[in-house]
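Chain residues, written in single-letter form:
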Amino acid sequence: MTRPIRLIAMTTVATLALLGSGMAEEWSWTDASGKEIVLDHTPKRIVMWANSAAALMPLGITPVGVFADEDPKIDPNLRYLDLTGVDIVSETWESVDAERILALDPDLIITEFWLADRSYAGAIAVGGTQTQLEKAIPIIGIAQGSSIVTMIEDYTALAIALGIPPDDTRLTEGRASFEDARDGFKAALAAKPGLQVLAGGASEDELYLAVAHNIAELSDFASWGMNFVDVGQGDEINAHYNFLSWENIQDYPADLFMVDARTGKEDIYATLANHPLANRIPAVAAEQLTDWPAYWLRSYDAYAAELLRLTSVITTLDSDVVP
């Protein structure tokens, strides 16, 4: 059953209030951190994190600026969007420029809020930029960490609050194909009940293994029947990964290793192919690896496509390679 669009609690819609002698539109939003923003008009000039742009631009909300974590040509959030007229104010975590954002005269900055870390996402959270910006511009964050489906619903509610009609077909397109893909994914997992999965990455010195319940798409996968190896809880610095030396990898056996598919995935695959201890992971020894679509799924269409790809992978796996 499709979940209803959530328009209350963490996603408060715009309200109307009488201001002075005329009717003026007051806009309010309570974000994932619990912070309420109240403005005397509906925001029109908006700067967004790349993930937020990937969610909101297909719904009809075009930003004046975007801060990205990498080159838009390879960023999976941005590479299929029409960014004509949109100022890309950063392409790495280190390059975001608060003055450049302020020069766009934005009404609002939209990013995401990491529930596990209690922090905002994207380059503005680095090096004091957020503090500098918040003196002049309100920042809101969609909850990151519980579910991609919930995030899509929350972004849909935000688009409505920003002025997109609730009956606009852009708000519902893709949902049916997503649900079909999700059902196929669940059926494939049900047919491989013994399948054990790790997600993460590797370097010559260490591995980083994803804490599935703290990462939205992995949490969804788990709720649909994917069995993740318990890798612990992360730590106070990073709740999303457990970092460990190669010598300890035998404590985390898996039939499938899902490789962080962001920039640098080729290096991870090369490390897993060549590291002398990599074959201690049964999935690596059996060459059962695939891409993990890490952190970038923000629309029903994109989610459906990735679920179809993963379903095809799962149906071909040997679910009994762990001794």
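Up top is the structure these notes are about.
Keep in mind it's a predicted model, so treat the numbers as computed, not measured. (Residues numbered from 1 in each chain as written. Predicted model: local features only at pLDDT ≥ 70, side-chain atom pairs only at ≥ 80, totals over all residues. Heavy atoms only, no water.)

Trainee: Can you lay out helix α9 (residues 300-316) for me, pointing to particular residues and giving the numbers?
Mentor: Taking 1.5 Å as the rise per residue, α9 with 17 residues should run 24 Å; its terminal C-alpha atoms sit 25 Å apart, in good agreement. Its buried side turned inward, α9 meets α4 (148-161), α5 (175-190), α6 (216-223), β14 (256-260) and β15 (289-292). (Helix = DSSP H or I, 4+ residues; strand = E, 2+ residues; numbered from the N terminus. Expected span 1.5 Å × (residues − 1). Contact = heavy atoms within 4.5 Å.)

Trainee: Before we move on, could you go through the packing of α6 against α9 and cite the residues and values that matter?
Mentor: At a closest axis distance of 13 Å, the pairing of α6 and α9 adopts a crossing angle of 55 degrees. It follows from the interaxial angle that α6 and α9 lie oblique. In this structure, the crossing between α6 and α9 has a hand that is right-handed. Two secondary-structure elements touch here, α6 through Glu217, Asp220 and Phe221 and α9 through Tyr303, Leu307 and Leu310. Classifying every residue of the contact of α6 with α9 by side-chain character gives 4 nonpolar, no polar and 2 charged. (Axes fitted to C-alpha atoms, helices over the stretch in contact; angles between N-to-C directions. Parallel < 35°, antiparallel > 145°, perpendicular 65-115°, else oblique. Left-handed = near helix turned anticlockwise from the far one by under 90°. Nonpolar A, V, L, I, M, F, W, Y, C, P; charged D, E, K, R; others polar.)

Trainee: Pulling in residues and values, what's your account of the pairing of strand β7 (residues 108-114)?
Mentor: Among the 7 residues of β7, 7 are classified as buried, and the element is accordingly described as predominantly covered. In the sheet, strand β4 (residues 46-49) pairs with β7 via 3 bridges, with the strands oriented parallel. Looking across to β7, one finds that methionine 48 is bridged to isoleucine 110. The pairing of β7 with strand β9 (residues 139-144) spans 6 bridges and is parallel. (Buried < 20%, exposed > 50% of the residue type's maximum accessible area, 1.4 Å probe, protein only. Pairing = 2+ DSSP bridges.)

Trainee: Give a detailed account of the nonpolar core, specifying residues and quantitative values.
Mentor: What tends to happen in soluble globular proteins is that the nonpolar side chains get buried as a cluster. Core analysis: the biggest nonpolar cluster contains 113 residues, and Ile110, Leu158, Phe221, Trp292 and Tyr303 have the highest contact counts within it. By residue number, the principal contributor to this core is α4, which donates 10 residues. Residues in contact with leucine 158, not counting those within four places in the same chain, are Trp27, Trp29, Leu56, Ile110, Ile140 and Ile142. (Core = buried A, V, L, I, M, F, W, Y, C linked by side-chain atoms within 4.5 Å.)

Trainee: Requested: an account of the environment of histidine 275, with residues and values cited.
Mentor: As for its placement among the helices and strands, histidine 275 is situated in the loop between α7 (265-274) and α8 (282-285). Given the relative accessible area of 12%, histidine 275 is considered buried. Separated by 191 residues in the primary sequence, histidine 275 and threonine 84 have C-alpha atoms spaced 43 Å apart. Non-local contacts of histidine 275, meaning those with residues more than four positions away in its chain, are made with Ser203, Glu204 and Trp246.

Trainee: Describe the packing of aromatic side chains, listing the residues and the values that go with them.
Mentor: Counted according to the given criterion, the structure contains 15 aromatic pairs. Their ring planes at 50 degrees and their centres at 5.3 Å tell us that phenylalanine 185 and phenylalanine 221 sit as a pair that is tilted. Of this pair, phenylalanine 185 sits in helix α5 while phenylalanine 221 sits in helix α6, and the two are 36 residues apart along the sequence. Considered together, phenylalanine 185 and phenylalanine 221 belong to a single accessibility category, that of buried residues. (Phe/Tyr/Trp six-rings, centres within 6.5 Å; stacked < 30°, edge-to-face > 60°.)

Trainee: An account of the side chain of arginine 182 is requested, with residue identities and associated values reported.
Mentor: Mapped onto the fold, arginine 182 is located in helix α5. Judged by relative accessible area, which is 15%, arginine 182 ranks as buried. If we ignore the near neighbours within four places in the chain, the residues touching arginine 182 are Trp224 and Leu307.

Trainee: Describe in detail α7, supporting the description with residues and values.
Mentor: Buried residues of α7: Ile268, Thr271 and Leu272, and no others. End-on, the buried residues of α7 take up no more than an arc of 95 degrees, which puts them together on one face. Opposite the packed face of α7, turned more than 90 degrees from it, sit the exposed residues Glu266, Asp267, Ala273 and Asn274. Where α7 is buried, its residues touch β10 (196-202), β11 (206-210), β14, α8 and β15. (Arc of directions from axis to C-beta.)

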